[in-house]
Amino acid sequence: MNQAKIGILTLSDRASAGVYEDISGQAIINTLKDYLTSPWESVYRLIGDDLEQIKSQLIELADIEKCDLIVTTGGTGPAIRDVTPEATEAVCQKMLPGFGELMRQTSLKYVPTAILSRQTAGIRNQTLILNLPGKPKSIRECLDAVFPAIPYCLDLIGAAYLQTNPDIIKAFRPKS
C-alpha cells in the first residue's frame with residue numbers, strides 16, 4: 001500500500017506574519033491522525049491570503065509534491081482578502097460542489113453565519129483539494145461530515161488508498 005501524501009495549507013495573513021499560532025492547520029493534522037489507520041505523511045504550508053500565492057502553492061502541492069489530498073483552512077468567507085475558493089477553482093479541472101454544500105449545511109446547525117462560507121472542493125489531476133473554514137471546531141465538524149466520501153473519491157481519481165478507523169469515522173465505498 002502506497003503511503004498517502006496529504007497537503008495542509010493554512011491561509012492566514014496574521015498567522016503567516018507570526019501574529020498568532022496556526023492552530024487551524026494543527027487541528028486538521030490532529031483530526032487526520034484520529035481518522036486514518038493507513039500510512040500517510042503531511043506536507044504543511046502556511047501563507048497569507050494572496051490569490052496568486054495560494055494558486056501557486058496548490059499547484060506545487062498537487063503537481064510537484066504529488067499530494068493525494070490537499071486540505072486548506074481559511075480564506076473561505078466573504079471578506080475582501082478571502083480568496084481560497086477562487087484559487088481552488090482556478091487550479092482544478094473539475095469542481096465538486098457537494099462538499100461545500102454539505103459543509104455549509106452541517107455548520108448551519110451551529111451558527112447562522114455558515115451561509116457566508118464559500119468552501120468548495122475540486123480535482124486537479126490525481127489530487128482532491130478541499131477547502132475548510134478557519135476555526136478548529138468548524139474544521140472538525142466539516143471533516144466529520146464530508147470525510148466518509150473522501151477515500152472513495154481518491155480511489156476514483158487514482159490517488160492513494162486511505163483506510164479509516166471505523167470506530168471514529170467510517171469511509172463509504174460501494175459494494176462491488
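Data block above holds the structure.
Computed from a prediction, not measured in an experiment: that's the story for all the values here.

Draft legend 1. Representation of the pattern of salt bridges in the model. Scanning the entire structure with this criterion turns up 11 salt bridges. Among the salt bridges present, the one from Glu65 reaches Arg45, with a minimum N-O distance of 3.4 Å. Here Arg45 lies in strand S2 (residues 40-47) and Glu65 lies in the loop between helix H3 (51-64) and strand S3 (69-73), a separation of 20 residues in the sequence. What emerges from the salt-bridge pattern is a single network uniting Lys5, Arg45, Glu60 and Glu65.

Draft legend 2. Molecular detail of the sheet that holds S2. Spatially, S2-S1-S3-S6-S5-S4 is the arrangement adopted by the 6 strands of the open sheet, whose pairing is mixed. Both outer strands of the open sheet, S2 and strand S4 (94-95), are each paired with one neighbouring strand and no more. By the bridge criterion, 5 bridges tie strand S1 (residues 4-11) to S3 in an arrangement that is parallel. Bridging across to S3, Ile6 finds its partner in Leu69. Across the sheet, helix H4 (residues 84-91) touches S1, S3, S4, strand S5 (121-124) and strand S6 (127-132), and the angle it forms with S6 is around 165°.

Draft legend 3. Here's a closer look at the packing of aromatic side chains. Enumeration according to the criterion identifies 1 aromatic pair in this entry. With 4.9 Å between their ring centres and 50° between their planes, Tyr35 and Phe147 make a pair best called tilted. Highlighted residues: Tyr35 in helix H2 (residues 23-35) and Phe147 in the loop between helix H6 (136-146) and helix H7 (150-156), separated in sequence by 112 residues. Here Tyr35 and Phe147 have matching classes, each one buried.

Draft legend 4. Highlighting the side chain of Thr120. Note that Thr120 resides in the loop between helix H5 (97-108) and S5. Judged by its relative accessible area of 8%, Thr120 is buried. Leaving out residues up to four positions away in the same chain, Thr120 has contacts with Pro85, Thr88, Met95, Gly100, Met103, Ile129, Leu130 and Asn131.

Cut-offs and rules
- Per chain, residue numbering runs from 1 following the sequence as it is written.
- Local features are withheld for residues below a pLDDT of 70 in this predicted model, meaning they are given only at 70 or higher, and side-chain atom pairs are given and counted only at 80 or more; totals for whole chains, interfaces and linings count all residues.
- By convention in this description, side-chain values take in all heavy atoms of the structure and omit both hydrogens and water.
- Throughout this description, the term salt bridge denotes a Lys or Arg side-chain nitrogen within 4 Å of a carboxyl oxygen of Asp or Glu.
- Think of it this way: any DSSP run of H or I at least four residues long counts as a helix, any run of E at least two long counts as a strand, and we number them from the N terminus.
- Any two strands are treated as partners once DSSP identifies two or more bridges connecting them.
- Here a residue-residue contact requires only that any non-hydrogen atoms of the pair lie within 4.5 Å.
- With axes taken as lines fitted to C-alpha atoms, and helix axes fitted only over the stretch in contact, angles between N-to-C directions fall between 0 and 180 degrees.
- By convention, a stacked pair of Phe, Tyr or Trp rings (six-membered ring in the case of Trp) has centres within 6.5 Å and planes under 30 degrees apart, an edge-to-face pair has planes over 60 apart, and any other such pair is tilted.
- When accessible area is computed with a 1.4 Å probe and restricted to protein chains, residues below 20% of their type maximum are described as buried, those above 50% as exposed, and intermediate ones as partly exposed.

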